[in-house]
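Tertiary structure, described
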Amino acid sequence: MQVSLGKIKPHVGWLALPFALIFFVYFILPLVLTIVVSFWDYTDYAIIPDFIFDNYIYIFDGCLSNEEGLCLTFKTYISTFFFCFFTWLITLALGFCVAYFLAFYVNSIPLQVCLFLVCTIPFWTSNVIRMVSWIPLLGRNGLVNEFFLSLGIIDQPIEWLLYSSFSVVLALVHLYTLFMIVPIFNSMIRIDRSIVEAAYDAGASHRQIIFNIIIPLSKTGIIIGSIFVVTVVMGDFLTIGIMGGQQLASVGKIINTEMNYLQFPGAAANAVILLIITIFIIYVMTKFIDIRKEL
Amino acid sequence: MKNKKLSRRQILKLSAGTVAATGLGLYAPAVISSDPITLRYLGTAVSMGDEVQKKLFEDTGLKVKFIAVTTDEVTKRVLTQPNSFDIVDTEYFSLPKLVPSGNILGMDTKRIKEWDNVTSIFTKGMTPEGKKVGLQGTAPSKVMYLEGSTGKKFAGDVTQYATLIPTIYNADTLGIRPDLIGRPINSWAELLNPEFKGKAATLNIPSIGIMDAAMVVEAMGEYKYPDKGNMTKSEIDLTMKIFTEAKKSGQFRAFWTDFNESVNLMASGETVIQSMWSPAITAVKAQGKECIYQPLKEGYRAWAAGFALPKTTKGKTADAVYDFVNWYLSGWVGAYLNRQGYYSAVLPTAKQYMSEDEWGFWMEGKAAKGDILSPTGDKLASAGEIRDGGSYEDRMGGVACWNATMDENKYMVRKWNEMVAA
C-alpha cells in the first residue's frame, strides 16, 4: 500500500510530540538548569544567581602548575578513565563471546530465548545486592581466601581481592556485561547466515570469518554496547565506592559529596565537565560508524 | 543511580516509617479525637519507632506524619522547602547553615514545661555534676539561643528563644575487636598505629571524618588545635597530610559511608579498629562477635539533635508543635532513647520511666543486675556487664569536641576529596 508522503506529512510531526515532550522535560530542561546553576555563586546555606566562572576555575585549581603533583581533578579523571577502560575492554570481550555463542552456536530459538533470559537473572536483584554479595566471597576471611588457604596455595590471605581496583572492575564487569551482550546479540542475529556459509564454502578460516565478517557486521551493536558501558561507568560512584572501600576516586563521588554539602553550583560545574568529556568519548566512538544508517 | 545511605539516624527509619504508617491507619478510628491534628515531622527518625507514635496518640491525640530522610537531606529541605513540614528534627552542627537562612524560628522556652530541667550540657556546657564539657566544634551550648523569635544570628547570652529544643545526643568514639587485637587500646592515636596496617577504617563523611582525624592527630602529639571544629586552611592541610600518608601506606582497609558498611567491616574482621557509631557496635555484637565501644583517654566526639520550628508553622499547628515537644520531653520517650544507648535531654523525667537496674546500667555505670533489654526486646547485656565507657558523667564529661560545620567547609571538603583520590 503506497501512501503519498506529502499527504501525511502534516500529521507525522504530532507523532513525535509525546517523545519530544518527555525529552524536553526530563533531559533538556534539567540540563539547561544544571548549566545555568554551574555559573551561580553559593554560600553554606544559599545559592545566589550570578554569572561567574569561579566554580570552573576552582575545579582546575592547581592543574596548570603541577607543583604538588597532579591536581585533584586530573587524578580523579585518570582513576575514572582507568575503571572505564578496563571495564569496557572486559565487558566487550565477554559480551562478544556470549553473544556469538548465543547467535551462532545455539540453533533452536526457544533455547536461545531461554539462555538469553539466563543472562538477565543477575538483574532480578538490585545492583547494590549484586555488589555487596561479592564481599563475603572476596574478603580477608572470605570464601576465595579460605579455599586457597585450605589448599595450601597461599599462607597469607590475599588482600587485593577486595577494596581494590581489581574488585571494582570485577563488580563493574558483573553489573554491565549484559549491556554489551544485548546490542551485540541483536546485530549478530541479523547477519545473513548465507554470507557466513559462503565464506566457509570459499575456504575462509574460522578466524577470518570472525574478523572479516562477524565483527564488521556487528559493529553497530559493539558501539551501542560500548556507549552504554562507558556512560554508566563514567558517572558511577556507588560501585567504585562500595567495592573500592571508598578509597578510590571517581568523578561521581566528588559530585555526590558536593551535593551533600549543598555546594550545588560546584557540583553542577563538575557535572557539566563530566558531560562534555563523556559526550566527546561518544562522539569519537560514533566516528567509527554511522549508527543511524546501520539501524 | 541514587545513593541510598543508611546512617545511624535512619536505622529505625524503614521499620518505623512503614510500620507506623500502617499502624496509625488502623489505630486512628478507635479513638475519638475532637480536633485531630497531624504534624508533618521532618527528620532522620532515629527516635521515632512505632511505639512512640502509638504512645503519642494515646497521651495527646496528636498524630505525626513522618518524613524520614538523611541528615544532609534534612538541611536541604529546610533551606529549599521550608513549608513542606511543621516540625524538624535536625543536628546542632547544621545550625550555622540553617539559622542565617531565616527559615527556622526561635522556639519560646517559656512554653517548654521542662525547659529548666534540660540537661546543663546544652544550656551551660557542663555535666549535671558540674564537669566542664569540651566545647570545640559546633557545641550545642554555643548555638543554643537566638536574639528573638525571628533572629538570623546566634545570641551570645541566654535568651527566651532557643534554636533547637534538644532531644537526643551521644558521645562517639572508636570501635574495636578486642578478640582480634588482644591488648588494651586507650588512645585515638591507635587508629594510625602501623600494627593495624590494612585493618583500620574511618568514615568517608568529610565533616565527621575530619573531626576523628583531628582527634588522632592531636593524640599522636603532632599538633594541638585551638579548635578542632573550626580549623584554618593550614590546619586542614596538616591533618589531611598525615591521613593521606597513612592512606598511601595502606593503613586503611576501607572507608565507610553508611551504617551497614561499618557493621560489615567489623563483623567480618576486615577491620579491627575504626570510627564507629554506637548502634553499629550493638549490631556487630548481635552477630555474636566481640566488639567494644572503646573509651579513649583523649575523650569523645559528641553530636546532638533537637526540634526546630519552621517559619511557616503558625497558629493552631504551632500550638500542637509545642504540645508535641512538651510530651516528648515528659519522660516516656526519654526512657525509650536511653534504653537504646542514646541520651535524653531531660534526665529526671526519663528516670521515672526506667527501672532502677536500667537506670543504673545506662546512666550510672553500674553492673547490670539482670538482662538489659532494648525497647524492641533484644538482649543488649546480661547480668554483671557494665556499659562501655561507664556512666553518663564519665561519657558526656569526657567529650572533647562536637560535630561541626567549619568556616572553611568548602576547602575542607576539597582536601578530603584529595585524600580519597591520593
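Residues numbered from 1 in each chain as written. Chains lettered and ligands numbered in written order. Predicted model: local features only at pLDDT ≥ 70, side-chain atom pairs only at ≥ 80, totals over all residues.

1. Describing the packing of helix α8 (residues 233-248) of chain B against helix α16 (residues 409-421) of chain B
Residue and element names in this part refer to chain B. How we decide: All axes are obtained by fitting lines to C-alpha atoms, using only the stretch in contact for helices, and the reported angles, taken between N-to-C directions, cover 0 to 180 degrees. Put simply, DSSP marks the helices as runs of H or I at least four residues long and the strands as runs of E at least two long, and each gets a number from the N terminus on. By definition in this entry, angles of less than 35 degrees are roughly parallel, angles greater than 145 are roughly antiparallel, angles of 65 to 115 are roughly perpendicular, and the rest are oblique. Each helix crossing is assigned a hand: it is left-handed if the near helix lies turned anticlockwise from the far helix by less than a right angle, otherwise right-handed if that turn is clockwise. Remark: residues whose backbone-derived C-beta atoms lie within 7 Å of one another are considered to be in contact. Classes in brief: Ala, Val, Leu, Ile, Met, Phe, Trp, Tyr, Cys and Pro nonpolar; Asp, Glu, Lys and Arg charged; the others, Gly included, polar.
Where α8 contacts α16, the two axes come as close as 9 Å, and the packing angle between them is 15 degrees. Relative to α16, α8 is oriented roughly parallel. Once α8 is placed against α16, the crossing between them reads as right-handed. Counting all contacts with α8, which are made through K233, I236, D237, M240, F243, T244 and K247, the residues of α16 involved are Y411, M412, K415, W416, E418 and M419. Counted by class, the contact of α8 with α16 contains seven nonpolar, one polar and five charged residues.

2. Structural notes on the domain arrangement of chain B
All names here are of chain B. So the rule is basically this: Here the limits of each domain have been adopted from an automatic or database domain assignment.
Entries for chain B in the domain assignment read domain 1 (8-170 + 302-352) and domain 2 (172-300 + 397-421). Here the C-alpha centre of domain 2 lies 28 Å away from the C-alpha centre of domain 1. Taken together, the contact between domain 1 and domain 2 spans 18 residues of the former and 20 residues of the latter. Listing elements by their share of the side of domain 1 that touches domain 2, those giving two or more residues are α4 (95-98) and β13 (300-310). Tallied by class, residues from the side of domain 1 that touches domain 2 come to seven nonpolar, seven polar and four charged.

3. Quick notes on the pairing of strand β10 (residues 252-256) of chain B
Residues and elements named next belong to chain B. We count it as follows: Three exposure classes are used. Buried residues have 20 or more other C-beta atoms within 10 Å of their own C-beta, exposed residues have 12 or fewer, and partly exposed residues fall in between, all C-beta atoms being placed from the backbone. Any two strands with at least two DSSP-identified bridges between them are counted as paired.
Of all five residues in β10, five are buried, a share of seventy percent or more. Examined bridge by bridge, strand β9 (residues 200-203) and β10 share four bridges and lie parallel to one another. Within β10, the position partnered with L203 by the bridge is W256.

4. Here we look at the nonpolar core
In plain terms, the rule: Joined through C-beta atoms within 7 Å, a set of buried Ala, Val, Leu, Ile, Met, Phe, Trp, Tyr and Cys residues constitutes a nonpolar core.
Core analysis: the biggest nonpolar cluster contains 179 residues, and A:V168, A:L172, B:I87, B:V216, B:I273, B:A280 and B:A302 have the highest contact counts within it. Excluding its chain neighbours within four sequence positions, the residues that come into contact with B:V216 are B:W188, B:A189, B:L191 and B:L192.

5. Details of the interface of chain A and chain B
With 26 residues of chain A at the contact, the number on the chain B side is 34 residues. Of all elements in the fold, only α4 (72-105), α13 (238-243) and α14 (251-260) of chain A reach the threshold of two or more residues within the side of chain A that touches chain B. Looking at the side of chain A that touches chain B residue by residue, the class counts come to ten nonpolar, twelve polar and four charged.

6. Overview of the environment of B:L62
All names here are of chain B. Counting through the fold element by element, L62 comes out in the loop between α2 (50-60) and β2 (63-68). Residue L62 is classed as partly exposed on the basis of its 18 C-beta neighbours within 10 Å. Separated by 29 residues in sequence, L62 and E91 place their C-alpha atoms 24 Å apart. Not counting residues up to four positions away in its chain, the partners in contact with L62 are I37, L39, L56, F57, A320, D323 and F324.

7. Comments concerning the environment of A:I242
Residues and elements named next belong to chain A. Relative to the elements of secondary structure, I242 occurs in helix α13. For I242, a count of 25 C-beta atoms within 10 Å puts it in the buried group. Along the chain, I242 and M131 lie 111 residues apart, while their C-alpha atoms are 7.7 Å from each other.

8. Quick look at the sheet that holds strand β6 (residues 145-146) of chain B
All names here are of chain B. The sheet built from three strands is open, its strands ordered β5-β7-β6 with antiparallel pairing. For this open sheet the edge positions go to β5 (107-108) and β6, each flanked by a neighbour on one side alone. Where β5 and strand β7 (residues 161-162) come together, two bridges link them in antiparallel fashion. Counted as the bridge partner of M107 is A162 from β7.

9. Some words on helix α9 (residues 165-188) of chain A
Under the convention used in this document: Here, expected helix span is obtained from the residue count minus one, scaled by 1.5 Å.
Taking 1.5 Å per residue, 24 residues should reach 34 Å; α9(A) reaches 32 Å between its end C-alpha atoms and fits that length. With 17 of its 24 residues buried, α9(A) lies for the most part within the structure.

10. Structural notes on the environment of A:T177
Residue and element names in this part refer to chain A. Among the secondary structure elements, T177 is positioned in helix α9. For T177, a count of 22 C-beta atoms within 10 Å translates into the label buried. It is 8.8 Å that separates the C-alpha atoms of T177 and T87, two residues lying 90 residues apart in sequence. Aside from chain neighbours lying at most four places away, what touches T177 is T91, L94 and G95.

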